[in-house]
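Chain by chain, the residues:
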Amino acid sequence: MPHRVRPDRARALRRRLLLAGGLASLAGLAALGGAAPARAARPELLVRFSHVVASGTPKGQMALHFQRLVAERSAGRIRVEVYPDSQLYGDEDELEALKLGAVELLAPSLSKFGQAGLPEFEVFDLPFLFDDLAQVRRVTQGPVGRRLLERLAHQQMVGLGFMDGSFKQMSANRPLRAPADFKGLRLRVQASRVLVAQMRALGAEPVVLPFGETRRALARRVVDGAENPLSNFLTQGLQAVQTDLTLTHHGYLGYAVVSHPRFWTSLSAPNRELLQQALAESLEFGSRLSAELDRQALAQVLQLPHLRVHALSGLERAALQQAAQAVHQSFEQRVGHGLLAEVRLAIAADN
Ligand code: SIN
């Protein structure tokens, strides 16, 4: 699997650990000074929530909603600090930061758990598997979802819940209507083996890059295109570095919020209950917002003067689907035959 090696990774992580420690002690210093505003006083409990997307995305808004709920319900005793936009940690080091205790909460996309030793999460990456969010929810909110969250314990994580994302669309500097259009293009993907295989099956060359580096890589033509939900496309300003957006709706991108068992079990029962409840409500809030922001983003991209937006005909979409179909067979074993069968059953079941 293509993977970028980052020789500076350990150094960057140490720097960020210092930064995280520094921020916490600044809060402490402010409290000692006595003149700091009430909200800067040292809280009884600090929860650092790091993620890689913009605050204006559904995930960004979910994290801020959680911050508000916790502040209100704990009357400031518990402070949630939200670090969006890979400010503190990016895709390449956030899981390590969680393990080292430099942050307490993350909300990685489901595609990021495969490289953390949980390949079953890559089932969500299978191209053209889900048609709509109702199908996804039957998986994430049912017994399969519960089991997947429990599986996170195998990699020292506590799975706290899923949040709906949305469907990805392809962008490049040309329309991507047919497999022939993908030939010769270098397309950025997340570090998921399924996504790498999907791009190859479509005829493109996959390039694994952290989310936070995607825009720059597109601007410098290191890569030619990418796949994104519309909210990520817009909030990263990709319309400035891509001329064409094809509404392929070919794959799902969603999230799970995770913590570390060391932190989670250190909480008092009332604090854990408060955080759990606030998070459950915030995930519902984020999931509702996701569908709404996706509709708004579609209206927005259609208005952009320098972006050509292409809708696919049924036949064009079917041809892409057929080209990508082989990925399902090749990854059945990696994600698990039983799991895939259960997911397919949940998809097929009507509410
Ligand atoms: C995210 O929405 O968390 C980022 C997804 C990506 O890396 O493309």
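Residues numbered from 1 in each chain as written. Predicted model: local features only at pLDDT ≥ 70, side-chain atom pairs only at ≥ 80, totals over all residues. Heavy atoms only, no water.

Visitor: Just to check I follow, could you spell out the overall build of the protein for this structure?
Guide: Summing up its helical and strand segments, the protein has 14 helices and nine strands in all. Counting all 351 residues of the protein, 54% fall into the buried class. On the protein, roughly 15200 Å² of surface is accessible, and the fraction owed to carbon and sulfur atoms is 54%. (Helix = DSSP H or I, 4+ residues; strand = E, 2+ residues; numbered from the N terminus. Buried < 20%, exposed > 50% of the residue type's maximum accessible area, 1.4 Å probe, protein only. Areas by Shrake-Rupley, 256 points an atom, 1.4 Å probe, with all protein chains shown as cover.)

Visitor: Quick question: what am I supposed to make of the nonpolar core here?
Guide: Here is a general trend for soluble globular proteins: nonpolar side chains tend to be buried in one another's company. Counting residues in hydrophobic clusters, the biggest one holds 41 residues, and the most contacted among them are F113, V123, F130, M157 and V343. Broken down by secondary-structure element, the contributors of at least two residues to this core are α3 (94-100), α4 (133-140), α5 (143-151), β4 (158-172), α7 (193-202), β8 (244-259), α13 (326-335) and α14 (337-348). Residue contributions to this core peak at five residues, all from α14. Discounting chain neighbours no more than four positions away, the residues touching F130 are F124, Q135, V136, V139, F167, Y252, V343 and I347. Counting residues in each nonpolar core, the second largest holds 27 residues, with F49, M62, V257 and L275 among its members. (Core = buried A, V, L, I, M, F, W, Y, C linked by side-chain atoms within 4.5 Å. Contact = heavy atoms within 4.5 Å.)

Visitor: Got a minute to help me understand the pairing of strand β1 (residues 45-50) in this structure?
Guide: The two faces of the sheet receive side chains in turn, since in a regular strand these alternate between them. In terms of residue burial, β1 counts as a mostly covered element, since six of its six residues are buried. Residues of β1 alternate between two faces, with L45, V47 and F49 on one and L46, R48 and S50 on the opposite face, all of them buried. Relative to strand β2 (residues 78-83), β1 runs parallel, the two sharing six bridges. In the strand pairing of β2, L45 is matched with I78. As a crossover connection, the stretch from β1 through helix α2 (residues 58-73) into β2 is right-handed. Bridging between β1 and strand β3 (residues 105-106) involves two bridges; their strand directions are parallel. Residue pairing for β3: S50 is matched across the bridge by L106. (Pairing = 2+ DSSP bridges. Right-handed = clockwise from strand over helix to strand, strands pointing away.)

Visitor: How do you make sense of the packing of α13 against α14 when you look at a structure like this?
Guide: What describes two packed helices is the angle between their axes and the distance between those same axes. Between α13 and α14, the least distance of the axes is 6 Å, while the angle of their chain directions is 115 degrees. As the angle between them shows, α13 and α14 are arranged roughly perpendicular. Contact residues: α13 offers H328, E332, Q333 and V335, while α14 offers H337, L339, L340 and R344. In terms of residue class, the contact of α13 with α14 is built from three nonpolar, three polar and two charged. (Axes fitted to C-alpha atoms, helices over the stretch in contact; angles between N-to-C directions. Parallel < 35°, antiparallel > 145°, perpendicular 65-115°, else oblique. Nonpolar A, V, L, I, M, F, W, Y, C, P; charged D, E, K, R; others polar.)

Visitor: Help me understand the environment of G101, please; the structure alone is not making it clear to me.
Guide: Take G101: it is sitting in the loop between α3 and β3. A residue is classified by how much of its surface remains accessible, and G101, at 31% relative accessible area, is partly exposed. Spatially, the C-alpha atom of G101 lies 7.7 Å from that of H260, the residues being 159 residues apart in sequence. The contacts of G101, once residues within four sequence positions are left out, are R48 and R262.

Visitor: Teacher, can you tell me more about the site of the ligand here?
Guide: Around the ligand sit V52, V53, K59, D91, K112, R188, Q190, F211, N232, L253 and Y255, and those are all the residues in its vicinity. Within the side chain of K112, a nitrogen or oxygen atom sits 3.0 Å from an oxygen atom of the ligand. Isolated, the ligand exposes 260 Å² of accessible area, and the fraction of that covered by the protein chains is 100%. Of the pockets mapped on this structure, the ligand occupies the largest cavity. When its residues are assigned to classes, the shell around the ligand shows five nonpolar, two polar and four charged. (Near = heavy atom within 4 Å. Polar contact = N/O pair within 3.5 Å; in protein donor to acceptor, adjacent residues only side chain to side chain. 1 Å grid on protein atoms, 1.4 Å probe; cavity = no way out; pocket = protein on both sides within 12 Å on 5 of 7 lines; lining within 4 Å. Sits in = over half its atoms within 2 Å of the grid points.)

By themselves, these figures tell us nothing about what the structure is for.
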